[in-house]
Amino acid sequence: MAHTVATPAERPAKSAVRGRTDTPKYSRTSVLCNGQIVWKVGSDRDMDINLNDEEKADLRAVKDVKDDLNALNGLQLYRSRPLTPIEIKQPLRHVHMCLPNNVKARTYTGDLYGSIGHVFSCSDEDFNARRQNIFGVAVQDILYHDFFRRLRRTEYLLWDVEAEKGRWVAVIAHLYSGNSSEEESPNVSGRPPTSPAVDRNRIDEWCIVSAERSPAATARVERVRQRLPKVLREGGFSIDRDSEIDPAIWVPMDPTSWASGLFIFAVIKTLLHRITEFYCKQQTHQRSFWDPIPGWLNIDEVRAEMQVRFILQFGLSFATSLL
């Protein structure tokens, strides 16, 4: 059976010679390089992840960045969709990375532990099992659990928590050492070398911040309030009696059903900058830390900022090819 070959269209006059599959023609173009969305490291040997090494605990293998790229795309493509955990966490990591070193050492945003395992959003029947699965550790291993290890060496916890799928609140807490003096905690066999010299294991002031105003939002805050002490108890932390800041930090109201993550990002960033102001003024913790956050919030501006911070956090690069 004969095959008919289509006749190529005539090229316009004065146009460049058409390329062929065996002799292609190339031109300049801009290429978005997605392959480098990983933590920057010095060399191949630095890619070994070590949770007990402060410099390597956050390293990510290249094959693990698919979710992060999808999250960046989500921030860019969807305006009225609730934020996913990675969409809110990576911009927060960039905010934290840009702080003075002294402030970075005093603050912790909880990594992804506010959403992993749905500990704060699951049913009451599943809570104990999920809590123990994510936060439960043997007494001798408390110092190895990444969340508790980092929390023990910090003064402020500013934690984005998913109280319900796509509905975010912030757990804000000030910690201090429950020991008689801020000396190094008793030595534990096998203690990681990066464990904190000061063992902060008590909370003297805290609150749960929500930008939503509704009975359902109040119920979500209450669920987090009831579960938080049980989660912290897994790591040997305790909350002082009558220490909750009530009313909680006032924030602008979220009138939507999808923007709570944007509000919580803005709240945590504002509070990190308050702590930075204390540091710049050489002040210790001040009661003014719990003051209201005035003004209003442009959620589109916040989303745009988060996109830029997301890109910067991963060193996303544009490459121009001259082929």
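Residues numbered from 1 in each chain as written. Predicted model: local features only at pLDDT ≥ 70, side-chain atom pairs only at ≥ 80, totals over all residues. Heavy atoms only, no water.

A short note on the packing of helix α4 (residues 124-134) against helix α6 (residues 215-233)
It is at 11 Å that the axes of α4 and α6 come closest, and there the two elements cross at 20°. With respect to α6, the element α4 is oriented roughly parallel. The handedness of the crossing between α4 and α6 comes out as right-handed. On α6, the residues touching D124, F127 and R131 of α4 are R227, K230 and V231. Tallied by class, residues from the contact of α4 with α6 come to two nonpolar, no polar and four charged. (Axes fitted to C-alpha atoms, helices over the stretch in contact; angles between N-to-C directions. Helix = DSSP H or I, 4+ residues; strand = E, 2+ residues; numbered from the N terminus. Parallel < 35°, antiparallel > 145°, perpendicular 65-115°, else oblique. Left-handed = near helix turned anticlockwise from the far one by under 90°. Contact = heavy atoms within 4.5 Å. Nonpolar A, V, L, I, M, F, W, Y, C, P; charged D, E, K, R; others polar.)

Considerations on the environment of D68
Positionally, D68 belongs in helix α1 (residues 66-77). Note: C-alpha distance between D68 and Q90 (22 residues apart in sequence) is 8.4 Å.

Description of the confidence of the model for the chain
With 67% of its residues at a pLDDT of 70 or more, the chain has an overall mean of 79. The low-confidence segment residues 180-196 (pLDDT under 50) makes 28 contacts with residues lying over four places distant or belonging to another chain. In the predicted structure, residues 316-323 sits below a pLDDT of 50 and forms 23 contacts with residues beyond four places in sequence or in another chain. (pLDDT = per-residue confidence, 0-100.)

A few points about the pattern of salt bridges
Going through the model one piece at a time under the given rule, you end up with 21 salt bridges. For D124, the salt bridge goes to R227, with nearest N and O atoms at 2.8 Å. Of this pair, D124 sits in helix α4 while R227 sits in helix α6, and the two are 103 residues apart along the sequence. D124 gets classed as exposed once you look at its relative accessible area, which sits at 59%. One salt-bridge network, held together by shared partners, links R93, D111, D146, R149 and R150. (Salt bridge = Lys/Arg side-chain N within 4 Å of Asp/Glu carboxyl O. Buried < 20%, exposed > 50% of the residue type's maximum accessible area, 1.4 Å probe, protein only.)

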